[in-house]
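Take a look at the letters that make up each chain.
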Amino acid sequence: MKCKFCDKPAVIKLRAYNLKLCGEHFTSFIEQRVEKTIKKYRLFTKNDRILVGISGGKDSLNTIYILNKLGYKTEGLYIDLGIGDYSKHSKEKAIAFTEKFDIPIHIYEIKKDFGLGITEISMLLRRKPCSVCGVIKRYILNKFAYENGFTVLATGHNLDDEVATLFSNVLSWQEGYLARQDILLPRKHDKLVKKVKPLALISEKESAAYAILKQIDYIREECPNAKGATSIFYKNILNQIEEKQPSTKLRFYLDFIRRGKKFFEKALKEREDALHSCKVCGYPTTREVCQYCTIKNEVQKRSG
Ligand code: Q46
Ligand code: ZN
Ligand code: ZN
């Protein structure tokens, strides 16, 4: 099996594009695809200061690595969620990566705000860990970006993440979520930083291969709270479909962005109109008090 562009042996076969590529041509294919996504969807420019949320996983490390390589101004934010060994190991990977590639990193420990980690907070509030975690991560990423003068917040969501979310939202016709699913979420409130997903068109498999070829050492261990997650179940189903019909995932996602999303404009407008400042912290919310402040208040009450 030879590379499509040179005489070297191919190391990967991309069925979605009907391409076989050597290591060098594969990594430049991924970088060009990310650059194209940035330009086509106008995610940001070289003048922006970009904060990348890094978890120690392959996708977020690849995101900051590629953006940096393409010449964008980036810094990483690692949020220590206080989830036992998983947090300890993922933090070590994130720090080792930024030292190896000389990329600035900030560390934020949620224990400083709550006195507890995600697992303990979720037990105390009797809520699912991922729902508490999602609220806290989103809030801290946005707040840190806003307070430190970043103009863009980038996350490492890949195509498989995006398609699994889209699939799940379609199955239950979550109009509000469908309206907001995109590669770019614009700034709709003074204290809301623009959010982007530069790896949204790169599959999980492509992302893993890129990290290995670039010797990016990432955490392989899953968060213990991810066990049994519906998103994993949906990803498996979508992979089975992709196996039989290559490029289905990419088509499903891009067709939604190009043609499907417009049907949810009303839901988008309703949400934007409902967005105002939280009574406690001033950050955007559709409630009187935002979910983050509600969690914080409950934790303080219950932990006494
Ligand atoms: S870190 Fe947090 Fe994930 Fe762990 S608790 Fe759930 S949401 S699974 S990406
Ligand atoms: Zn080649
Ligand atoms: Zn608040």
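Residues numbered from 1 in each chain as written. Chains lettered and ligands numbered in written order. Predicted model: local features only at pLDDT ≥ 70, side-chain atom pairs only at ≥ 80, totals over all residues. Heavy atoms only, no water.

> Run through unusual backbone geometry, naming residues and quoting values.
Even without being glycine, Asp 102 reaches a positive phi, approximately 55°. Residue class for Asp 102 comes out exposed when judged on its relative accessible area of 67%. (Buried < 20%, exposed > 50% of the residue type's maximum accessible area, 1.4 Å probe, protein only.)

> Can you lay out the pairing of strand 5 (residues 105-109) for me, pointing to particular residues and giving the numbers?
It is a general feature of regular strands that their side chains alternate between the two faces of the sheet. By the bridge criterion, five bridges tie strand 4 (residues 73-80) to strand 5 in an arrangement that is parallel. What sits directly across from Ile 79, in strand 5, is Tyr 108. Between the parallel pair strand 4 and strand 5, the chain is carried across by helix 3 (residues 84-101), and the sense of this crossover is right-handed. (Pairing = 2+ DSSP bridges. Helix = DSSP H or I, 4+ residues; strand = E, 2+ residues; numbered from the N terminus. Right-handed = clockwise from strand over helix to strand, strands pointing away.)

> Give me the coordination of the zinc ion (ligand 2): which residues, what numbers.
The protein atoms donating to the zinc ion (ligand 2) are Cys 3 (SG), Cys 6 (SG), Cys 22 (SG) and His 25 (ND1), with metal-donor distances spanning 2.1 to 2.3 Å. Every donor counted, the four donor atoms about the zinc ion (ligand 2) form angles of 101 to 113° at the centre, which fits tetrahedral coordination. One chain supplies every donor to the zinc ion (ligand 2), and in sequence these donors are spaced C-x2-C-x15-C-x2-H. Here Cys 6, found in the segment before strand 1 (12-14), pairs with Cys 22, found in the loop between strand 2 (19-21) and helix 1 (23-40); they are 16 residues apart in sequence, far enough to count as distant. (Donors = N, O, S within 2.8 Å, 3.2 Å for Na, K, Ca; no water. Tetrahedral: all angles 85-135°; square planar, octahedral: opposite > 155°, others 65-115°.)

> Describe in detail the pairing of strand 3 (residues 49-54), supporting the description with residues and values.
Burial analysis of strand 3 places five of its six residues in the buried class, which makes it a mostly covered element. Both strand 3 and strand 6 (residues 152-154) contribute to a ladder of three bridges, which runs parallel. Paired with Ile 50 across the strands is Val 152, a residue of strand 6.

> How would you explain the coordination of the zinc ion (ligand 3) if you had to name every residue and give the values?
The protein atoms donating to the zinc ion (ligand 3) are Cys 278 (SG), Cys 281 (SG), Cys 290 (SG) and Cys 293 (SG), with metal-donor distances spanning 2.2 to 2.4 Å. Of note is the zinc ion (ligand 3), whose four donor atoms meet at the metal with angles of 104 to 115° in an arrangement that counts as tetrahedral. Mapping the donors of the zinc ion (ligand 3) onto the primary sequence gives the spacing C-x2-C-x8-C-x2-C. Grouping residues by exposure puts Cys 290 and Cys 293 together as buried.

> For the sheet that holds strand 7 (residues 184-185), give the residues involved together with the corresponding values.
To summarise the sheet geometry, strands pair through backbone hydrogen bonds and adopt either a parallel or an antiparallel arrangement. The mixed open sheet is built from six strands, whose spatial order is 5-4-3-6-8-7. If you trace the sheet from one side to the other, it starts and ends with strand 5 and strand 7, each paired once. Of the strands in this sheet, strand 3 and strand 4 are in contact with helix 2 (residues 58-69), which crosses strand 3 at around 155°. (Contact = heavy atoms within 4.5 Å. Axes fitted to C-alpha atoms, helices over the stretch in contact; angles between N-to-C directions.)

> Describe the pattern of salt bridges, and please don't skip the residues or the numbers.
Taken as a whole, this structure holds 28 salt bridges when the rule is applied. The salt bridge involving Asp 80 is made with Lys 91; its shortest N-O contact spans 3.1 Å. Taken together, the positions of Asp 80 in strand 4 and Lys 91 in helix 3 put the pair 11 residues apart, joining distant regions of the chain. Owing to a relative accessible area of 12%, Asp 80 belongs among the buried residues under this scheme. Residues participating in the shared-partner salt-bridge network are Lys 58, Asp 59, Asp 161, Glu 204 and Lys 235. (Salt bridge = Lys/Arg side-chain N within 4 Å of Asp/Glu carboxyl O.)

> Account for helix 10 (residues 230-244), naming residues and giving values.
Across its 15 residues, helix 10 extends 22 Å between first and last C-alpha, which sits within 8% of the 21 Å expected from 1.5 Å per residue. Those residues of helix 10 not exposed but buried are Tyr 234, Lys 235, Leu 238 and Glu 242. The buried residues of helix 10 occupy an angular sector of 105° when the element is viewed end-on, so they sit on one face. Opposite the packed face of helix 10, turned more than 90 degrees from it, sit the exposed residues Phe 233, Gln 240, Glu 243 and Lys 244. Tucked inside the fold, the buried residues of helix 10 contact helix 7 (159-171), helix 9 (204-213) and helix 11 (248-260). (Expected span 1.5 Å × (residues − 1). Arc of directions from axis to C-beta.)

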